[in-house]
Number of protein chains: 4
Amino acid sequence: MIKLDHAISAPVVHREHHRDADDDRPRLECGVCGVWGGEKDEGSSIVALGLHALQHRGQEACGIASVNVDRFHTERHMGHVGEAFGGSDLPKRMPGHAAVGHTRYSTAGGSFLRNIQPMFADLDTGGIAIAHNGNLTNFLFLRNQLVAEGSIFQSTSDSEVILHLIARSRKARIVDRFIDALARIEGGYALVAQTPKKMIGARDPLGIRPLVLGKLGTAHVLASETCALDQIGATFLRDVEHGEVVVIDEDGLTSLKPFPARAARPCLFEYVYFSRPDSVVNGRSVYGVRKRMGHGLAQEHPIQADVVVPVPDSGVPAALGYAHESGIPYEMGIIRSHYLGRTFIQPSQGARQLGVRMKHSPNRSVLEGKRVVLIDDSIVRGTTSVKLVRAVRAAGASEVHLRSASPPILWPDFYGIDMPERDQLIAANKTMEEMRAFLEVDSLGFLSVEGLYRAMGETGRDASAPQFTDHYFTGDYPTRLLDREIEEGGRELTNRQLSLLVSA
Amino acid sequence: MIKLDHAISAPVVHREHHRDADDDRPRLECGVCGVWGGEKDEGSSIVALGLHALQHRGQEACGIASVNVDRFHTERHMGHVGEAFGGSDLPKRMPGHAAVGHTRYSTAGGSFLRNIQPMFADLDTGGIAIAHNGNLTNFLFLRNQLVAEGSIFQSTSDSEVILHLIARSRKARIVDRFIDALARIEGGYALVAQTPKKMIGARDPLGIRPLVLGKLGTAHVLASETCALDQIGATFLRDVEHGEVVVIDEDGLTSLKPFPARAARPCLFEYVYFSRPDSVVNGRSVYGVRKRMGHGLAQEHPIQADVVVPVPDSGVPAALGYAHESGIPYEMGIIRSHYLGRTFIQPSQGARQLGVRMKHSPNRSVLEGKRVVLIDDSIVRGTTSVKLVRAVRAAGASEVHLRSASPPILWPDFYGIDMPERDQLIAANKTMEEMRAFLEVDSLGFLSVEGLYRAMGETGRDASAPQFTDHYFTGDYPTRLLDREIEEGGRELTNRQLSLLVSA
Amino acid sequence: MIKLDHAISAPVVHREHHRDADDDRPRLECGVCGVWGGEKDEGSSIVALGLHALQHRGQEACGIASVNVDRFHTERHMGHVGEAFGGSDLPKRMPGHAAVGHTRYSTAGGSFLRNIQPMFADLDTGGIAIAHNGNLTNFLFLRNQLVAEGSIFQSTSDSEVILHLIARSRKARIVDRFIDALARIEGGYALVAQTPKKMIGARDPLGIRPLVLGKLGTAHVLASETCALDQIGATFLRDVEHGEVVVIDEDGLTSLKPFPARAARPCLFEYVYFSRPDSVVNGRSVYGVRKRMGHGLAQEHPIQADVVVPVPDSGVPAALGYAHESGIPYEMGIIRSHYLGRTFIQPSQGARQLGVRMKHSPNRSVLEGKRVVLIDDSIVRGTTSVKLVRAVRAAGASEVHLRSASPPILWPDFYGIDMPERDQLIAANKTMEEMRAFLEVDSLGFLSVEGLYRAMGETGRDASAPQFTDHYFTGDYPTRLLDREIEEGGRELTNRQLSLLVSA
Amino acid sequence: MIKLDHAISAPVVHREHHRDADDDRPRLECGVCGVWGGEKDEGSSIVALGLHALQHRGQEACGIASVNVDRFHTERHMGHVGEAFGGSDLPKRMPGHAAVGHTRYSTAGGSFLRNIQPMFADLDTGGIAIAHNGNLTNFLFLRNQLVAEGSIFQSTSDSEVILHLIARSRKARIVDRFIDALARIEGGYALVAQTPKKMIGARDPLGIRPLVLGKLGTAHVLASETCALDQIGATFLRDVEHGEVVVIDEDGLTSLKPFPARAARPCLFEYVYFSRPDSVVNGRSVYGVRKRMGHGLAQEHPIQADVVVPVPDSGVPAALGYAHESGIPYEMGIIRSHYLGRTFIQPSQGARQLGVRMKHSPNRSVLEGKRVVLIDDSIVRGTTSVKLVRAVRAAGASEVHLRSASPPILWPDFYGIDMPERDQLIAANKTMEEMRAFLEVDSLGFLSVEGLYRAMGETGRDASAPQFTDHYFTGDYPTRLLDREIEEGGRELTNRQLSLLVSA
């Protein structure tokens, strides 16, 4: 018995997210990858490799659509890319030289299985499959409008809104229809679409979400990060530019800039946490930026200590930078387990800090009797940090000094990062001293916004025209937030529209 | 890892069907059942029971949508109803007093898993779920038109066309939108729809497909056959009439006849093969009709013989009628196995008639040395019949006289019955003597069309206004066949439209 | 994740059985089939076909062991034979020209998955796989003895006891070891064993359980019933005789009779209920015996009525016999559904007799206003019968006369039939009039023991040396019941031994 | 359908191992954990946590047996501990305060699923479950002997041999039976057994395999490593001593030393590779030993270079030691992916080093133009190393200097480590210069045996009585290798015994 979908719950559109109580990490919702123009029937295999490298951007579900002449083959799965698309029968199951894929965090419950991408539509101009990383800030506004016009939705994903906009465009050519749709959406996005004859890539006007272009033999590749190109064996050509639409077909690559020019403003959190350390994002090595964050942190928040210990894996480069700058030895004082163990039963005694212990184990031999500088990439709610701090103390540390390699997180995101509400963000609700006390540390330090800009290679933040998307630290959102505005000014909305609003 | 769908192949819309080479039975595509107004959270359980009784109308996939206040819960599964919806957690998984369900034959390959019903749409007037038995004869015409207007399809099912027509209706009230959609569709259909506040049932203008209305305590029930009402424990109220729309809500039942009155013309094959013998269809006992078919057959095609043997289970009532009329003893000369065994490997020797033997085993003790009258409900391609005849002879029968309780099948169906193409129908391609020789029988007889009408309680067929849908025997189709006409007059069509045509 | 076994619970050995509350049928625990000497790698496929035909003897689990030169391949599954062994890869998965298989009812819970046969052991003389139908009456006695000597058991099956007896035999040749083991076991059994060089079959000294021998080309086949030979396409050679050991190897078939000659006494319940109607058991057609039971029943318990209605499928031949003898028309007044639906939720109203309705639906059109003779093969607890009687009345029957084609069941079985305890057997606890009242029928009649013997072709029962095993009707057990005696004289047993006793 | 076991192949006993062609790591076969005396029904949950921490010792299969009064509950699964035993229903599924568990590498194919531990036997003294880490060097000798005496084996695991020895012991008490069995086995082992009243732990006479004892509230815990105690929240009491048997029951802990005293000789590979860095094995911090190995390596094999890069994760501590000793900066020049991706299809171009890339990605930003010292824990066949070296060069490294933190591996293991045959070991087949050329590095260096002993805190190796098991480096096996001797002197053996010999 194959169970198609556990429950399609409607009509309320939650865009809630499921996570462990103990999991305090921000999450990015997606990674995308596409290929066009290579060897016969290799499209799906290349995209599978690319998605494998992008698995850190969303590890709970994945999908691929391949195109063979004018026939699409789409598979969408829960679970890792290797399990879903690792088999040797992939070229047979999903033939064609062109393919597009997506990897994502699954959202709550079975109700949302349909949100797995790529999304497909059979238009009168032929089929189209779309994968999307990011978030539209006018998603609900557009969705309500489309439903009122008689469109039927199967998911609550941005991609389907874009598909409907394309389907309803009156333009004759698919690229024009695609641009018609882009003209109506707002927010941060990196899109990859496949039609029988073309691959289309697009990045939002500010370049909030990343997208890179590579070459593999005769084929063009689009991917969220360069690590996907490395995995595939492709050569990095360049970043897709902010506001750019690239079209790849038999005539090669065409670059379009259909909208007025604006300055780019890529997302800083890609450097702080999301991107893989071996990726180069917007021309900057992620590993290098993180190490410089550690150097800056050591300069801004020095301390007398015996060991610098990272929270693995994301804290490692900053800890190396901190250790180098401060001269304090770097040690693997916390061991990370790579096996999942989220739902273990907690015995009634002896396992007070079980949650954190499932993933991070203190290494007593380097902590005992030591003054420890603990380096994390960021501090969100602080609930995980305090458990780690306690574990480090329980392993014998005499002092614990916590350092965050990014500034205090004060504001929620609406461009594809899954972060808690403002009232859950520790830095938005406590003074520095209250935080220190809550986190049970001897001292606490955050990298400054200016320090972060310097780690990015800038001399500082240009307040009149900030070089990066940084609202989580500054409250300075780079775009209008239409859905949010409607929600807040909700009095003039119908009940129906209200029920559709995300609670974010 | 949950695999959502094996492959969504597009854009060509085949409506092909998968079946065993040895399976010579016509197939009906669906059974439907809905309930409204009973005890809290019992809707899905009642519909599950109803579908269980309708399993013979489609045993390979099933789905239920329940409505709880304004929230829909939909599950669609491959496999039997008992496996999919038998669990004691059903009321929790699928709460609400209202539900609608569907059981169907699965169509070819994984590509069509999405065709499992009920189909759901979230309209701006609220959600709606639809289950459908039958076939639209202008399906492709409507689907092409809707795609050209920007509708996105997820399946190749009639139900989705109807949903899009409802979604695009400009009427304010859901019942009016539903009738708007009915005004555009043609063919044979029995529809059951659920909205948060109403259950709607509809039967095509000729009543080709059956639909009955029952009462279970305070609840109303709609189902394809009365056996579903019996299973549930509901009381039979009446047949939904041809061209009638029934609306059940807090105000009780409302009957609408939105279209001009026509004479009913229900499908004869429901009596010949599809409906369960304990059902009463359009006021006639199916078992009684079948027995009378056997009586008529004995009158029209008498023979000297020792035993009357049915092809179980569908040939049993006609064989009892034949035995009674002829005075020849009735015996269970063929035993039917109720275990699936379709894909067994055939050993290299000794198992010449393996295919038929998996399902039907000759009972040597009643066949040996006997002159056998073998009664089947119908003969389609003849390939199964000849295997049965050989098996009966191999078990020692001295003569085999084959009798079909229905007339020769000469024409394909377009109203929801899955039958082979005309060039596969034995009676359409051979003379009576050629058939007899092909079937390797000593004599062969079919009930006449007039005889069948008499078994239905009529004095005969009214050629100017036939009382029943009988084109498979007569070639007299009860409606226009728009898709078919377009296909045949295809010169003026675009290539695209041609590619969408069913080959039927 | 493959789950090997849900729970191995030990050390208490229950031999309990799981069944629906509504399922009132006796159950036979097994069917066996083996083949030796045919085409390369066809052994497993032939046995799979044979098991498919024997599925009625146990439909919840099945297993096959094939032998390829000196390598065994064993698979054991929950579910039907067609699901487990229907794939085209079977010859590859399970190569070899020799194979042995088993089909069984699963016993309670996951704890007993290990009891699925065939059982395999790697002896110092080479491997051996054994399949067994029946029950040892000294099972616990032997098992306790073997455990005390250091044998380790993986199951609670008789087969494993036999394997340990073979493993511990000091004889050099496998056939002698096998006979050594037979010398120690008591009860009813049909055994098929495979070693790398031989297939061995054995039937208990009284021939309680059936076993037949057939030929398929060059291969020999052993099976529980002739219907398996028919399915495979094999020719029936003869029954394996009571107390006979047949050895099939390169030198052909050797028949051994290692134990003193006794008169055969086969089980009557094979004719009453278990065997398939198209099987010939111990030289008698099962269908023929059942029809004669119906004739006898009509003679012993005539009644004025309008229709004779069988409880399908097992009551059909006796009902035909009754109808023929009495001249009352036979009608399919109860329709049997062949879809499983055991765990459906029961709605709160309208479905009082839900349990019986899942399997048997009354056919109102032949019951309404009629005096009905209802024919069942046997009446065990009566709980199912009363539900059927009520359903028949609810469908309009004016009178219901129940007839059992076998005598009253008064005693439990210890030879492989799963029947309720004596205090659950209606006939053992009520007078005839109490039963009639309990069953809510107008009259009640059972075939007499003498009538049953006459249906078997005997002139009557020879009380001094009964021709058949018939203790369920007479209390006359054909063998000693050692485990039972130990249980009843349990005062001198250790606690440990007591804990191992079956509660039967 | 539940598939119990794919194929039980017999009688040849292979103890082969399945691994990726690219996977060049030695493997340890098992981790064990047991608990006795804690809170009601918490036994299985505590053991599940312990196994989770021991997952690195065997991540492909796991099993737990719990004991509730005198009833055992056993589950054995393929897959990770978190998947198998993470559910909240564990205490219900597996009740009791006592439990024993096992985690292991799965061996080739489905044939060996039965080898998953713990193994259970129902003796006449009651049930016993055993989990075992290590390898018996007289396994085949004992197994053949037991089979000849009539024991039936279900697996090819050491544990089952031990169970049969216990079952056949003539001693009355279970602890004496257990010691009887220990007296007959040879090799390296750590055993944990549960009976209804006692938990028993044992370590081989040389303490080759590790076993530690901890306390959790009132409960005693046995585990392979201290990291399991930390995970559970238990306090470390002490190592179980070499040759010691510990018995835990209602009277507390009893220590037995049933065999003559010998000097301990624990396995060095636990420090080099197997144990988790945060474990303390035989009183030494694994992390500390590994760092000192790096220090020694820098002293023995210094080089002019720009960066020290570990092969993560096992090379990290030695690389930190090397960096510290040499003053060369430590950098994460290779990023390890934690997602499985072993069976991806390799596109035809551009992905030459795909295998290594699935797990290890070079970090170009720290490798480009740099002279790199690459630190690995050991070099086995060299096939993985050369791929890594190429990947590092492809990322722009100007020089690559490879350093192995352990001495050259020259001899196979017979105590539970899965290493290739001698003819596959690069150091056993090539000169140092041949290895350097094969590995395509600019220089190559291995830590010396003396250096390794110094890292262990010794002044050097005592050749007359070596302090550790180190035959893989020295050829000096600590015990007799009976199975091996029989194999090599195989002329006097029967054919049957020969067929049972491992090819190791």
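Every chain begins its residue count from 1, and numbering advances along the sequence as written. A letter from A marks each chain and a number from 1 marks each ligand, given out in the order of writing. Under the rules for a predicted model, residues below a pLDDT of 70 receive no local features and side-chain atom pairs below 80 are neither given nor counted, while totals for whole chains, interfaces and linings still include all residues.

Draft legend 1. Layout of the overall build of chain A. Looking only at helices and strands, chain A has 19 helices and 24 strands in total. Of all 504 residues assigned to chain A, the portion counted as buried reaches 62%. Numbering goes from the N terminus for both helices and strands, where a helix is a DSSP run of H or I of at least four residues and a strand is a run of E of at least two. Counting other C-beta atoms within 10 Å of each residue's C-beta, where C-beta atoms are placed from the backbone, gives the exposure class: buried for 20 or more, exposed for 12 or fewer, partly exposed between.

Draft legend 2. Seen up close, the pairing of strand E9 (residues 187–194) of chain A. All names here are of chain A. With respect to burial, E9 is a largely interior element, eight of its eight residues being buried. A two-sided burial pattern is seen for E9, the buried positions comprising Gly187, Tyr189, Leu191 and Ala193 on one face and Gly188, Ala190, Val192 and Gln194 on the other. With eight bridges joining them, strand E8 (residues 126–136) and E9 adopt antiparallel strand pairing. Residue pairing in the sheet places Asn135 in a bridge with Gly188 of E9. Should DSSP find at least two bridges between two strands, the strands are taken to pair. The pairing of E9 with strand E10 (residues 199–203) spans five bridges and is antiparallel. Note that in E10 the partner of Val192 across the bridge is Gly201. What sits between the antiparallel neighbours E9 and E10 is a turn of four residues.

Draft legend 3. Structural context of the environment of Glu331(B). Residues and elements named next belong to chain B. Turning to its location among the elements, Glu331 is positioned in the loop between helix H10 (316–326) and strand E19 (334–336). Its 24 C-beta neighbours within 10 Å are what place Glu331 among the buried residues. On a C-alpha basis, the gap between Glu331 and His220 in space is 42 Å, while along the polypeptide they are 111 residues apart. Among all residues touching Glu331, those that are not within four sequence positions of it are Val307, Val309 and Val366. Each residue is represented by a C-beta atom placed from its backbone, and any two residues with such atoms within 7 Å are regarded as in contact.

Draft legend 4. Layout of helix H10 (residues 316–326) of chain C. All names here are of chain C. Burial analysis of H10 places nine of its 11 residues in the buried class, which makes it a mostly covered element. Those residues of H10 not exposed but buried are Val316, Pro317, Ala318, Ala319, Leu320, Gly321, Tyr322, Ala323 and Ser326. Tucked into the core, H10 has its buried residues touching helix H9 (286–300), strand E18 (307–310), strand E21 (371–376) and strand E22 (399–404). Positive backbone phi, at 80 degrees, marks Gly327, one or two positions downstream of H10.

Draft legend 5. Layout of the UniProt feature "binding site: Mg(2+)" (unreviewed entry) in chain A. Residue and element names in this part refer to chain A. UniProt positions are given in the numbering used here, feature names are shortened, and annotations may be inferred rather than shown by experiment. Under the local residue numbering, the UniProt record ascribes the feature "binding site: Mg(2+)" (unreviewed entry) to Ser314, Asp376 and Asp377. These annotated residues cover 64 residues of sequence, and their C-alpha atoms lie no more than 7.2 Å from one another, placing them together at a single site. Along the chain, Ser314 falls in the loop between strand E18 (307–310) and helix H10 (316–326). Overall, the presence of 20 C-beta atoms within 10 Å leaves Ser314 in the buried class. What Ser314 contacts, discounting residues up to four positions off in sequence, is Tyr273 and Asp377. Residue position: Asp376 is located in strand E21 (residues 371–376). We classify Asp376 as buried; it has 22 C-beta atoms within 10 Å. In this structure Asp376 touches Val311, Gly315, Ser385 and Ser404, once residues within four positions along its chain are discounted.

Draft legend 6. Main features of the packing of helix H4 (residues 139–148) of chain C against helix H5 (residues 158–168) of chain C. Residues and elements named next belong to chain C. Where helices are involved, their axes are fitted lines through C-alpha atoms of the stretch in contact, as for all axes, and angles between N-to-C directions lie from 0 to 180°. Interaxial distance between H4 and H5 falls to 10 Å at its minimum, and their mutual angle equals 50 degrees. In terms of axis orientation, H4 runs oblique to H5. Regarding H4 and H5, the two cross each other, and that crossing is left-handed. Only Asp158, Val161 and His164 of H5 make contact with H4, whose side of the interface consists of Phe139, Leu142, Arg143 and Leu146. In the scheme used here, Gly and all other residues not listed as nonpolar or charged are polar, with Ala, Val, Leu, Ile, Met, Phe, Trp, Tyr, Cys and Pro taken as nonpolar and Asp, Glu, Lys and Arg as charged. In terms of residue class, the contact of H4 with H5 is built from four nonpolar, one polar and two charged. In this scheme, roughly parallel covers angles under 35 degrees and roughly antiparallel covers those over 145, while 65 to 115 is roughly perpendicular and the rest are oblique. Note: crossing handedness is left-handed where the near helix turns anticlockwise from the far helix by less than a right angle, and right-handed where it turns clockwise.

Draft legend 7. Layout of the sheet that holds E21(C). Residues and elements named next belong to chain C. In spatial order, the strands read E18-E21-E22-E24; together these four strands make up an open sheet with parallel pairing. Of all strands in the sheet, those bounded by a partner on one side alone are E18 and strand E24 (443–446). Ignoring which end each strand starts from, the neighbouring axes of this sheet average 20 degrees apart. Relative to E21, E18 runs parallel, the two being bridged by four bridges. Following the sheet pairing, Val309 is matched in E21 by Leu374. H10 contacts E18, E21 and E22 of the sheet and is inclined by roughly 165 degrees relative to E18. The sheet contacts of helix H13 (residues 383–394) involve E21 and E22, and relative to E22 the element is tilted by about 150 degrees.

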